[in-house]
Structures are given as C-alpha cells and as structure tokens.
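What follows is each chain in one-letter form.
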Amino acid sequence: MADEVKLFGMWASPYSLRVELALKLKGIPYEYIEEDLSNKSSLLLKYNPVHQKIPVLVHNGKPVAESSVILEYIDEIWRDNPVLPQDPYDRAMARFWAKFIDEKIQPTARNANLAEEKEREQAVEECCQQLKMLENELQGKPFFGGDTMGYLDIAALVIAFWFEVVREVVGLDLITEERFPILCKWIGKLQDIDVINECRPPKEKHVNYVRARYEAAKAAASN
Amino acid sequence: MGEENKVILHGMWASPFSKRVELALKLKGIPFEYVEEDLKNKSAEILHYNPVHKKIPVLVHNGKPIAESLVILEYIDETWKNNPRFLPQDPYKRARVRFWTSFVQQHLFETMFTVVKTDGEAQEKAVKELLEKLQVLEEGIKEFFPDGNICIDSNNVGLLDLVLLSVFGPYNVQEEVLGIKIIDMEKTPLVYSWLRAINQLPLVKESIPPHDKLAAVLKFMRENALKSSSA
C-alpha cells in the first residue's frame, strides 16, 4: 500500500518550511495543503486540536504536530537520506543548537527589531553574540550537517531567509558580511540549492507580508 | 569498563531539570559522579562545559558535554539502550510522547512559573490558564492510559513521566506555598493518579528533596520575583 503523506502548512512560516524541505531532501512524495491562518480549516482543527497550528504532517491518516517532532518522525519512518546525524552525541548537538535558534536567537532578534531606539543597541548586541555562537558551529564545514545539509541547516533556514526580509522591512542588518563572514557564505550556498528555492517564500510577497505584520506589531506596542 | 564510560552530572538539588536527569541515570543503573553546583558561584567547569547557557544540568560523558535536560534525556536513551526505554520503539508513539513532553515543558511549566512569580490579577490569570492546560493534558493522556489503568514501574518509566514529575511531582509543596489547588483528584483524576504512581516509585521517593527544603526554596524564589517586579 502506498504511503499517503499530507502536509498542512503556510507559505510564510519557517516551521512549515522545515518540514517541507525535510520531505523534499528525503525524496518523500507528499500533498501540500496551504492553510489560511485567519480561517483555519476544520481538518487542521481536527488534526491539531491542542494547538491549532501548522505545520501538521498527516501520515496514512495519523497526525503529527510540532515541527521538531515531525522532523524526528520523518527521519525514523523514512530511513534513507537521514536528516539527523547517526552518532548520539552529534544528534544531541544538532538538537541543542536547533533549540538555541528557536528559544534564544529568534526571540532576541524579534526584540532587536521591535526595540525602541535607546534599547536597540543592547538588543542587537545580544542577538549578535548568540549568532556568533551559532556561526562557530560552521567552522571548517560547508553546512552545519557537514558536507551536506542536515537537521540544523534546516532549523537555521529561518536565519538565512527571514532575517534578510526583516532587514528590508525594519532596516536593521543583523547578519553583516563583516561580522558574520561564515554565516553569510553558508546563506549564499543555500540560495543555490534547487529544493530550497522550490519551497522558500517568494521574496516580494514575503517582504509585503512581514511589513504588514511589523506595522501591526508596532502599532499594538505603542497603544 | 573504568574510564570507558565516565559520566559526570553537574546539577543542583532543587532544580527540576537537574532532577530529571539524575533520575534518568539512576533508573537506567548508569554509574555517575554527581557535582552539586552553587548557582550563585558557578564553577569554571560549568562555564567551560556550557558556555552558551552557563546553566545546569550538564552531562559530561567521557569528557564530552551535553546541555539542556531534554536533549540529555534523549542522549541517555540512545546511548544506554537498557530498560527503561524513555521513548517507545514505534515512531508514531514516539512522536506522541515528544508532543506531550513539549506541551508539559513549554506550556504547563512556563505557566506554572508565571503563577509562582506573580500575584494579584496577573497570578489569577495565570492560574486560570494553568488549570485549563491541565484539563487539556488530562484529555490528552487518555491515549496513554486507554482503560484508565496507570501501571508505572521502574522498567517502563518514560520521558513524559520524568518531565511531568519534575514539573508537578512536588505539587503538595507548590499548593502549600501558593495556597492554590493545582492537582485536583476530581478535576484531573488521571493526572492525579499518574503523579501518585510516579511519586511512589522507590527511586523517586529516595531522590525527592525533603518537603521543607523545597518549600523554603519555592518561597524564596517567589519572594524574590515579587520584590524585583515591584521595584
């Protein structure tokens, strides 16, 4: 019986992109269903009643939610082209740094972008220190995963593509060539990878989307 | 043996994150050296082994450090494959355990933290949220205990048990210090029974710090938080 794989996602979500990319890198055929987050489908609510969020992977009718949980699941079911390293210590490191991106870098970047002028310098400095720690993991390797992309590269895509969109909207350049030469080189490599270009958000549409949300966030903060 | 499997845990007696790793090692029968860290005066080792967060717990296995308790727990399960296995074998069941672990850690724990650190209206709001989320957990765990029977022993304790224990194991202490009912036998009977079952395990009973000591720490934490938020 053929596997039936569906992905409920959203075009501008980095978490959705993580799952899509993992499926593509592993050559797993899937059906993609775009969710309108302002009008969530009854299927999404059925498959993820607890959080009502995307991404949700549905494999032969069984739902899996949370992008990090989905990535582990995908790697365990489809053993070819593993996304996580084989060695337990290397796996621990990949998981550690992915958590760091989500729990530290993303919030501090958000603070830096939304900060008032007097707090901005400190917020930027904090974010840059964290980015530097992450960049150190790339020393001597083209990708975080080694010679090819892996779990941490997938998790770090948010830094590669979302930061540059936010830079256009907010005008804050967190990842400069001067300060992060290795990270910039890595981002350059990603931009040449076909499977990534197939599923990353289209630049202009993305900029407009982020601009609208940024403006709404600013307005809410000043109320 | 000897040097081949040297395990050191840098922890702190009152930290739920440290406790879950300590228990995990004991449950698997892994010999380890425990180093109690003074969090007000962090050792050079902690700063060296966890330069990113400078926090405990840190597990050092044959000289290689691992930080973040959930990452450590998965590492332990993947490296020492004897019972208890912290995650089931079936990938879908593993995904369910990871999902609920994430829920307990990111939602219940964070909300509990807010309840401890606030008072007045802010605390009321957090308590309401906490109780709602406990109801969600109550519903969610029915898939793990389909006939309502909770059978936990030292051979089948898992990741979710360890994480739930570390957040709500000392619920008696939490309820006493906060003056709030959190784990209600009537509102969340499964969660209540589940916690009782885990708390009864001999290794757990031995490892839990005395009630008074935990109460003192919780009171201290709460007072500090309330003081600094009103400063």
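About the criteria used
Residues numbered from 1 in each chain as written. Chains lettered and ligands numbered in written order. Predicted model: local features only at pLDDT ≥ 70, side-chain atom pairs only at ≥ 80, totals over all residues. Heavy atoms only, no water. Helix = DSSP H or I, 4+ residues; strand = E, 2+ residues; numbered from the N terminus. Rg over C-alpha atoms; globule rule 2.2 N^0.38 Å. Buried < 20%, exposed > 50% of the residue type's maximum accessible area, 1.4 Å probe, protein only. Contact = heavy atoms within 4.5 Å. Areas by Shrake-Rupley, 256 points an atom, 1.4 Å probe, with all protein chains shown as cover. Lys, Arg positive; Asp, Glu negative; His and termini not counted. Charge placed at Lys NZ, Arg CZ, Asp CG, Glu CD. pLDDT = per-residue confidence, 0-100. Pairing = 2+ DSSP bridges. Right-handed = clockwise from strand over helix to strand, strands pointing away. Buried area = accessible area lost by both parts, 1.4 Å probe. Salt bridge = Lys/Arg side-chain N within 4 Å of Asp/Glu carboxyl O. Polar contact = N/O pair within 3.5 Å; in protein donor to acceptor, adjacent residues only side chain to side chain. Core = buried A, V, L, I, M, F, W, Y, C linked by side-chain atoms within 4.5 Å.

J.: Got a minute to help me understand the overall build of chain A in this structure?
T.: Along chain A, the regular secondary structure elements total 9 helices and 4 strands. Along the chain direction, N to C, the helices and strands of chain A fall in the order β-α-β-α-β-β-α-α-α-α-α-α-α. In summary, chain A has a C-alpha radius of gyration of 18 Å against a globular reference of 17 Å for 223 residues, a match within 12%. The buried share among the 223 residues of chain A stands at 50%. For chain A, the share of sequence-separated contacts (at least 6 apart) that also reach a separation of at least 24 residues comes to 69%. Carbon and sulfur atoms make up 48% of the accessible area of chain A, which amounts to about 11,000 Å² in all. Put simply, chain A has 28 plus and 36 minus side-chain charges, and the middle of one group is 3 Å from the middle of the other.

J.: Can you help me understand the confidence of the model for chain B in this one?
T.: Residues shown with low pLDDT carry predicted positions that ought not to be read at fine detail. All names here are of chain B. Of all residues in chain B, 98% attain a pLDDT of 70 or more, and the chain-wide mean is 94. The least confident element of chain B, judged by mean pLDDT, is helix α2 (residues 44-49) at 90; the most confident is helix α3 (residues 69-79) at 98. Across the interface, the model reports ipTM at 0.94; the global pTM reads 0.95.

J.: What's the story with the pairing of strand β1 (residues 7-11) of chain B in this structure? I'm lost.
T.: It is a general feature of regular strands that their side chains alternate between the two faces of the sheet. Residue and element names in this part refer to chain B. Counting buried positions along β1 yields 5 of 5 residues, so the element is predominantly enclosed. In β1, alternate side chains face the same way, and those of V7, L9 and G11 on one face and I8 and H10 on the other are all buried. Here 4 bridges tie β1 to strand β3 (residues 58-61), and the two strands are oriented antiparallel to one another. Across the sheet, residue V7 finds its bridge partner in β3, namely H61. Where β1 and strand β2 (residues 33-36) come together, 4 bridges link them in parallel fashion. Following the sheet pairing, H10 is matched in β2 by V35. With respect to chirality, the unit in which β1 leads through helix α1 (residues 16-27) into the neighbouring parallel β2 is right-handed.

J.: How should the interface of chain B and chain A be read in this particular structure?
T.: A common way to report how large an interface is uses the accessible area buried once the components associate. The interface of chain B with chain A comprises 28 residues on the first partner and 26 residues on the second. Interface area for chain B against chain A, summed over the two sides, is near 2,300 Å², with a carbon-plus-sulfur share of 67%. The three residues of chain B that bury the most area against chain A are V52(B), Y92(B) and F99(B), which together make up 26% of that side's buried surface. Across the salt bridge formed by E78(B) and R95(A), the nearest N and O atoms sit 2.9 Å from each other. Run the count over chain B and chain A and you get 9 residue pairs in polar contact (both at pLDDT 80 or more).

J.: So what exactly am I meant to see when it comes to the environment of N111(A) here?
T.: Within the secondary structure layout, N111(A) lies in helix α4 (residues 88-114). Separated by 27 residues in the primary sequence, N111(A) and L138(A) have C-alpha atoms spaced 25 Å apart.

J.: Looking at this structure, how should I read the environment of P202(A)?
T.: All names here are of chain A. With respect to the secondary-structure elements, P202 resides in the loop between α8 (194-199) and α9 (203-222). For P202, a relative accessible area of 46% corresponds to the partly exposed category. Separated by 140 residues in sequence, P202 and K62 place their C-alpha atoms 30 Å apart.

J.: What should I look at first to understand the side chain of R222(B) in this one?
T.: Residue and element names in this part refer to chain B. By secondary structure assignment, the location of R222 is in helix α10 (residues 211-230). Despite being buried, R222 has no salt bridge partner; D119 is the closest side chain of opposite charge, sitting 5.1 Å away. Setting aside residues no more than four positions away along its own chain, R222 makes contact with V115, V116, K117, T118, D119, Q123 and L178.

J.: Explain the nonpolar core here, please?
T.: Nonpolar side chains in soluble globular proteins generally cluster together in the buried interior. In terms of nonpolar packing, the biggest core is built from 78 residues, with L59(B), I76(B), L137(B), F168(B), I182(B), I183(B) and W194(B) touching the most fellow members. Broken down by element, the residue count for this core peaks at 10 residues, all from helix α4 (residues 91-117) of chain B. A22(A), L84(A), I154(A) and I8(B) belong to the second-largest nonpolar core, a separate cluster that totals 72 residues.

J.: So what exactly am I meant to see when it comes to the environment of K6(A) here?
T.: All names here are of chain A. Tracing the sequence through the fold places K6 in strand β1 (residues 5-9). On the accessibility criterion, K6 (21% relative accessible area) is partly exposed. Separated by 23 residues in sequence, K6 and P29 place their C-alpha atoms 9.0 Å apart.

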